[in-house]
Amino acid sequence: MSTAEQQPDRTPDAPDAPDALLGAADIRELADALGVRPTKQKGQNFVIDANTVRRIVRTAGVRPDDVVVEVGPGLGSLTLALLQAADRVTAVEIDDLLAAALPATIAARMPERRDRFALVHSDALLVEELPGPPPTALVANLPYNVAVPVLLTMLDRFPSIERTLVMVQSEVADRLAARPGNKVYGVPSVKANWYADVKRAGAIGRNVFWPAPNVDSGLVSLVRRTEPIKTTASKAEVFAVVDAAFAQRRKTLRAALSGWAGSAAGAEAALVAAGISPQARGESLTVEEFAAIAEHKPARTERPAL
């Protein structure tokens, strides 16, 4: 018998879900008991709608055998929904008060799943290992102020993550999922695409958060590439080209990459060797084309000592 057949009550739409998941009144009651007041400095906006977390879990395609890592669980609304659907959930929380309270919330509302939950009290940007089996999925409502660096860091450090669904500020979602030629295509777009196929996966209104943010939110789906980008250049070398190209995005690549290549002539030579017009701009290039440029970086010549 499969795991899903053995534990049918773990699906997000199970009859007992409304009792286990947190609603608006539950969130405010928890916050009051803890003395928690969401702060803009920490990018805290708690999801207070159980249907929204069910939708996130469903859109993420969380399976009964998944080991899910969640960043920024807050008071636990999404965490509980993930625990109903996944095999295990590890939550990474930086806030001292929230980290201390979350295990008790899990124990109180979903005691039968408490042994399937782990908490890492840390800054996600500093986490280099996680307890238990390697994570297979990342599902999170990411704090707006650190969404992109946290996402890229987690994808880089945990290559076992096959599928990701993150909720981020709508304009960040647009940037992550943008294609070459789009006016918002830039560094986050290219770097995310180094790891995964990226697409928008829906919009989230402001009224499902407490406090309600001044911006809309969006869901972004990332499915890790089954084969890495074919290149002899390292990720660091490719990302250096990307950073240089978009640091002066209005300039032609010949000019924008002059510092990276050592001179405008060196940049032109690298571009021509990669099969790219020196008059092109970074916003028109795919991640594969950035990799091709990185492969042809001119060798630095040392000036003789006097």
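Visitor: I keep staring at the pattern of salt bridges and nothing clicks. Help me out?
Guide: For side chains of opposite charge, pairing can occur when their charged atoms come near one another. All told, the structure shown has 14 salt bridges when counted by the stated rule. Notably, a salt bridge pairs D66 with R163, separated by 2.5 Å at the nearest N-O pair. Taken together, the positions of D66 in the loop between α4 (50–60) and β2 (67–71) and R163 in strand β6 (residues 163–169) put the pair 97 residues apart, joining distant regions of the chain. In this structure, D66 and R163 share a single accessibility class: buried. Between R206 and D216 there is a salt bridge, with the nearest N and O atoms lying 2.9 Å from each other. Of the two residues, R206 sits in the loop between β7 (196–204) and β8 (209–210) while D216 sits in the loop between β8 and β9 (217–224), which places them 10 residues apart along the sequence.

Visitor: I keep staring at the sheet that holds β9 and nothing clicks. Help me out?
Guide: The strands making up a sheet associate through backbone hydrogen bonding, with each pair oriented either parallel or antiparallel. The strand order β4-β3-β2-β5-β6-β9-β7 describes an open sheet built from 7 strands, whose pairing is mixed. The open sheet terminates on both sides in strands that have one partner only, identified here as β4 (117–121) and β7. Strand-to-strand twist of the sheet, defined as the mean angle between neighbouring strand axes without regard to direction, takes the value 20 degrees. Pairing geometry for β2 and strand β5 (residues 137–141), over 2 bridges, is parallel. Residue pairing for β5: V68 is matched across the bridge by A137.

Visitor: What should I look at first to understand the environment of G262 in this one?
Guide: The topology assignment puts G262 in the loop between α12 (258–261) and α13 (264–273). Overall, the relative accessible area of 46% leaves G262 in the partly exposed class. Taking the C-alpha atoms as reference points, G262 and K297, 35 residues apart in sequence, are found 9.3 Å from one another.

Visitor: Sorry if this is basic, but what is going on with helix α7 (residues 147–157) here?
Guide: Think of an α-helix as turning once every 3.6 residues; residues three or four places apart then point the same way. Extensive coverage of α7 is indicated by the burial of 8 of its 11 residues. The complete set of buried residues in α7 reads A147, V148, V150, L151, L152, T153, M154 and L155. For α7, the elements touching its buried residues are β2, β5, β6, α8 (170–177), α9 (187–195) and β9.

Visitor: Sorry if this is basic, but what is going on with the pairing of β4 here?
Guide: The side chains of a regular strand alternate, residue by residue, between the two faces of the sheet. The pairing of strand β3 (residues 88–93) with β4 spans 5 bridges and is classified as parallel. Within the sheet, the bridge partner assigned to V89 lies in β4 and is F117. As for the winding sense of the linkage, the β-α-β connection from β3 through helix α6 (residues 96–109) to β4 is right-handed.

Visitor: Help me understand α8 in this model?
Guide: All of the buried residues along α8 are S170, V172, A173, L176 and A177. In a view along the axis of α8, the buried residues occupy a sector of 160 degrees, so they form one face of it. Buried residues in α8 make contact with α7, β6, α9, β7 and β9.

Visitor: Help me understand the packing of α4 against helix α5 (residues 77–85) in this model?
Guide: Each pair of packed helices can be described by the angle between their axes along with the distance between the axes. It is the contact of α4 with α5, at a shortest axis distance of 9 Å, that shows an interaxial angle of 45 degrees. Regarding the angle of α4 to α5, the classification is oblique. Where α4 crosses over α5, the two elements pack in a sense that is right-handed. Residues V53, I56 and V57 of α4 form the contact with α5, whose participating residues are S77, L78, A81, L82 and A85. Its residues assigned to classes, the contact of α4 with α5 shows 7 nonpolar, 1 polar and no charged.

The rules we used
Residues numbered from 1 in each chain as written. Predicted model: local features only at pLDDT ≥ 70, side-chain atom pairs only at ≥ 80, totals over all residues. Heavy atoms only, no water. Salt bridge = Lys/Arg side-chain N within 4 Å of Asp/Glu carboxyl O. Helix = DSSP H or I, 4+ residues; strand = E, 2+ residues; numbered from the N terminus. Buried < 20%, exposed > 50% of the residue type's maximum accessible area, 1.4 Å probe, protein only. Pairing = 2+ DSSP bridges. Axes fitted to C-alpha atoms, helices over the stretch in contact; angles between N-to-C directions. Contact = heavy atoms within 4.5 Å. Right-handed = clockwise from strand over helix to strand, strands pointing away. Arc of directions from axis to C-beta. Parallel < 35°, antiparallel > 145°, perpendicular 65-115°, else oblique. Left-handed = near helix turned anticlockwise from the far one by under 90°. Nonpolar A, V, L, I, M, F, W, Y, C, P; charged D, E, K, R; others polar.

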